[in-house]
Amino acid sequence: MFRRRFSRFAAGLLALVVLTPASAQPRIPTEASNGRLTIVQWPVISIDGHELRAAPGARIFTSGNITVTPNAVPPDTRVRYLLNGAGQVQTIWLMSGAAGSAAQGTDPSGMNK
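Residues numbered from 1 in each chain as written. Predicted model: local features only at pLDDT ≥ 70, side-chain atom pairs only at ≥ 80, totals over all residues. Heavy atoms only, no water.

Undergrad: Even after reading the chapter, I still don't get unusual backbone geometry, so can you show me in this structure?
TA: For residues other than glycine, phi is negative in most cases, and the peptide bonds are mostly trans. Omega for the bond connecting Trp42 with Pro43 falls within 30 degrees of zero, at 15°, which places this linkage in the cis form. By the secondary structure assignment, Pro43 is in the loop between strand 1 (33-41) and strand 2 (44-47). For Asn65, which is not a glycine, the phi torsion comes out positive at approximately 65°. For Asn65, a relative accessible area of 34% translates into the label partly exposed. (Helix = DSSP H or I, 4+ residues; strand = E, 2+ residues; numbered from the N terminus. Buried < 20%, exposed > 50% of the residue type's maximum accessible area, 1.4 Å probe, protein only.)

Encoded structure:
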């Protein structure tokens, strides 16, 4: 009985590991806007020179889909972001390397597309 339960558990765990993607890429909605973010004094932020407020519970994600704290974001960072119904920034995705270049319409070498 124990072996049967264990083998079912092991098979389920193996299926979970195999079906989980190796690198979790964030799924950024198409309606997310592009900009350059500077944290002024959280929850006050500046995107492309416009002062905005972060919504309560706002989250910042890296390109590896890991959340970071606002003090870990360097000034003038390329981002994609979503606003909530009140006009506050709800979610921010930090764009780095090729992902950031693609979002801004340039290739990694800095040449415009």
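Undergrad: How do you make sense of the nonpolar core when you look at a structure like this?
TA: Side chains that are nonpolar tend, in soluble globular proteins, to be buried together. Grouped together as the largest cluster of nonpolar side chains are 10 residues: Leu37, Ile45, Ile47, Ile60, Val73, Val79, Tyr81, Val89, Ile92 and Leu94. Contributing elements (two or more residues each) for this core: strand 2, strand 5 (77-83) and strand 6 (89-94). Examining the composition of this core, we find that 3 residues originate from one element, strand 6, more than from any other. Other than its neighbours up to four places away in sequence, Ile47 contacts Gly35, Arg36, Leu37, Leu52, Tyr81 and Val89. Within the second largest apolar cluster, 5 residues are counted, among which are Ala32, Leu82, Trp93 and Met95. (Core = buried A, V, L, I, M, F, W, Y, C linked by side-chain atoms within 4.5 Å. Contact = heavy atoms within 4.5 Å.)

Undergrad: Help me understand the environment of Asp76, please; the structure alone is not making it clear to me.
TA: Of note, Asp76 is situated in the loop between strand 4 (67-68) and strand 5. Since its relative accessible area comes to 45%, Asp76 is described here as partly exposed. When the C-alpha positions of Asp76 and Thr38 are compared, they lie 5.1 Å apart, and in sequence the two are 38 residues distant. Beyond its immediate stretch of four places on either side in the chain, Asp76 contacts Arg36, Leu37 and Thr38.

Undergrad: Where do I start with the environment of Ala54 in this structure?
TA: Along the chain, Ala54 falls in strand 3 (residues 50-61). Placed 36 residues apart in sequence, Ala54 and Gln90 show a C-alpha to C-alpha distance of 6.3 Å. Excluding residues within four positions of it along the chain, Ala54 makes contact with Trp42, Pro43, Gln88 and Val89.

Undergrad: Hey, could you run me through the pattern of salt bridges in this one?
TA: Opposite charge on two side chains lets them pair, provided their charged atoms get close. Inspection of every chain in the model, using the stated rule, returns 1 salt bridge. Salt-bridge contacts for Asp76 lead to Arg36; the nearest nitrogen and oxygen are separated by 3.7 Å. Here Asp76, found in the loop between strand 4 and strand 5, pairs with Arg36, found in strand 1; they are 40 residues apart in sequence, far enough to count as distant. A relative accessible area of 30% means that Arg36 is categorised as partly exposed. (Salt bridge = Lys/Arg side-chain N within 4 Å of Asp/Glu carboxyl O.)

Undergrad: Any chance you could explain the pairing of strand 3 here in plain terms?
TA: Each regular strand shows side chains that alternate between the opposite faces of the sheet. Looking at chain direction, strand 2 and strand 3 are connected through 4 bridges and run antiparallel. Considered in strand 3, the bridge of Ile47 is made with His50. Here strand 2 folds back onto strand 3, and the loop between the two strands holds 2 residues, one of which, Asp48, carries a positive phi near 55°. Pairing of strand 3 with strand 4 involves 2 bridges; the strand directions are antiparallel. Opposite Ile60, over in strand 4, you have Val68 as the bridge partner. (Pairing = 2+ DSSP bridges.)

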